[in-house]
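# Per-entry structural report
The primary structure of each chain is shown beneath.
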Amino acid sequence: MRSGFIGVIGRANAGKSTLINVIVGEKVAIVSPKPQTTRHSIMGVLTREDYQLVFVDTPGIYKSANRLTDMMMKATEDTAKDVDFILYVHDGHAGVSDNDIQLIKKYQSGKIPMAIAYTKIDIMPKENIAEDVKKFYENGIDCDVFPVSARKFRNIRKLEKFLVEQMPSGEKVIAEDIVSDKSEKFMVAEIMREKILLKFDEEIPHGIAIVINEFKRKDNGTYEINLDIVCEKANHKAILIGKQGKAIKEVSSFAREGMEKFLGAKVFLTTYVRVEEDWRNRPGLIKDVFIE
């Protein structure tokens, strides 16, 4: 039996959450084209008869901008020090910059072994892959590189097999019926945030937070969920609500369907939109957002 923890690290939008969801076979982290989609370290667990891989999805790597990004970066740095293996996820479609080289070398220089998942190969010229891998090696990056496509499931099993071989021998570290370490309440908030990010795209910046006011399972098995959508500006609130409330009704319906699929039960969802200026620098509000 082999089992261990794999820290999944990389720049924003490199495809970390999508890759974990595909390998684990369950949706354990939300995905969207926007930066700061992942704000927490989230575990995704793949358990098989003779091995267990515990992936720790981390927030993307950012420059310090506010208290929220500082907390996100701390989560990433802490993960990088406390796992058995680091899987650095690099967006192959974006090419390889000097900054990318420096960042990868930073994580490779530690005591924890590392490999690179070079993602999005389905949307880039094949000849670029060999050129980028050569650039890695020419700049002193000598770890294994796995070109993969999560969307097309290319080389995913090959990467999985390699990761198993890197794990220490030992018993399962997580109960085998668990696929994530986060609560239902946490996942419901993340589903709401994902649907907002997907629906509004560039209209609303990533400074959106979800605060759960009520999360209750009734005796008949249905759920009552009451939540606030927190934004930073009045014009963002107007966009979220839409003309005669049309936008908020649509996104709430979209989110409720996702919640019902996740919970396996009917959901009665109530949503409110409120403005909290500069909430990403306010410790009290950040604490409300970091639901476990």
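As a reminder, the structure under discussion sits directly above these lines.
Residues numbered from 1 in each chain as written. Predicted model: local features only at pLDDT ≥ 70, side-chain atom pairs only at ≥ 80, totals over all residues. Heavy atoms only, no water.

### Side note on the pairing of strand β8 (residues 223–231)
For β8, a buried count of eight out of nine residues is recorded, marking the element as mostly surrounded by other parts of the structure. In this structure, strand β7 (residues 209–217) lies alongside β8, joined through eight bridges in antiparallel fashion. Paired with I210 across the strands is I229, a residue of β8. Hairpin geometry of β7 and β8 is characterised by an intervening segment of five residues between the two adjacent antiparallel strands and by a positive phi of about 95° at G221. One ladder, built from nine bridges, connects β8 with strand β9 (residues 267–275); its direction is parallel. Bridged to I225 within β9 is L269. (Buried < 20%, exposed > 50% of the residue type's maximum accessible area, 1.4 Å probe, protein only. Helix = DSSP H or I, 4+ residues; strand = E, 2+ residues; numbered from the N terminus. Pairing = 2+ DSSP bridges.)

### Overview of the pattern of salt bridges
If you walk through the whole model with that rule in mind, you get 13 salt bridges. A salt bridge links K120 to D91; the shortest N-O distance between them is 3.3 Å. On the criterion of sequence distance, the pair formed by K120 in the loop between β5 (114–119) and α4 (126–138) and D91 in strand β4 (residues 85–91) is long-range, its members being 29 residues apart. Its salt-bridge partner being R274, residue E276 comes within 2.7 Å of it at the nearest N-O pair. The buried category is assigned to E276, whose relative accessible area is 18%. A relative accessible area of 22% places R274 in the partly exposed class. Three or more residues joined by partner-sharing salt bridges are found here, namely D228, R274 and E276. (Salt bridge = Lys/Arg side-chain N within 4 Å of Asp/Glu carboxyl O.)

### A look at the packing of aromatic side chains
By the definition in use, this model includes four aromatic pairs. Between F85 and F162, the ring centres sit 6.0 Å apart and the planes meet at 70°, which makes this aromatic pair edge-to-face. Pair noted here: F85 is in strand β4 and F162 is in helix α5 (residues 156–166), with a separation of 77 residues, a long-range link. Measuring from centroid to centroid gives 6.2 Å for Y88 and Y107, while their planes differ by 40°, and the two rings are tilted. In this pair, Y88 sits in strand β4 while Y107 sits in helix α3 (residues 98–108), placing the two residues 19 residues apart along the sequence. Classification of Y88 by relative accessible area gives buried; the value is 0%. When its relative accessible area of 5% is taken as the criterion, Y107 is described as buried. Ring pairing ties together the aromatic residues F85, F146 and F162, which thus form one cluster. The lysine or arginine in question, K195, covers the ring of F254, its NZ or CZ lying 4.8 Å from the ring centre. (Phe/Tyr/Trp six-rings, centres within 6.5 Å; stacked < 30°, edge-to-face > 60°. Lys NZ or Arg CZ within 6 Å of the ring centre and 35° of its normal.)

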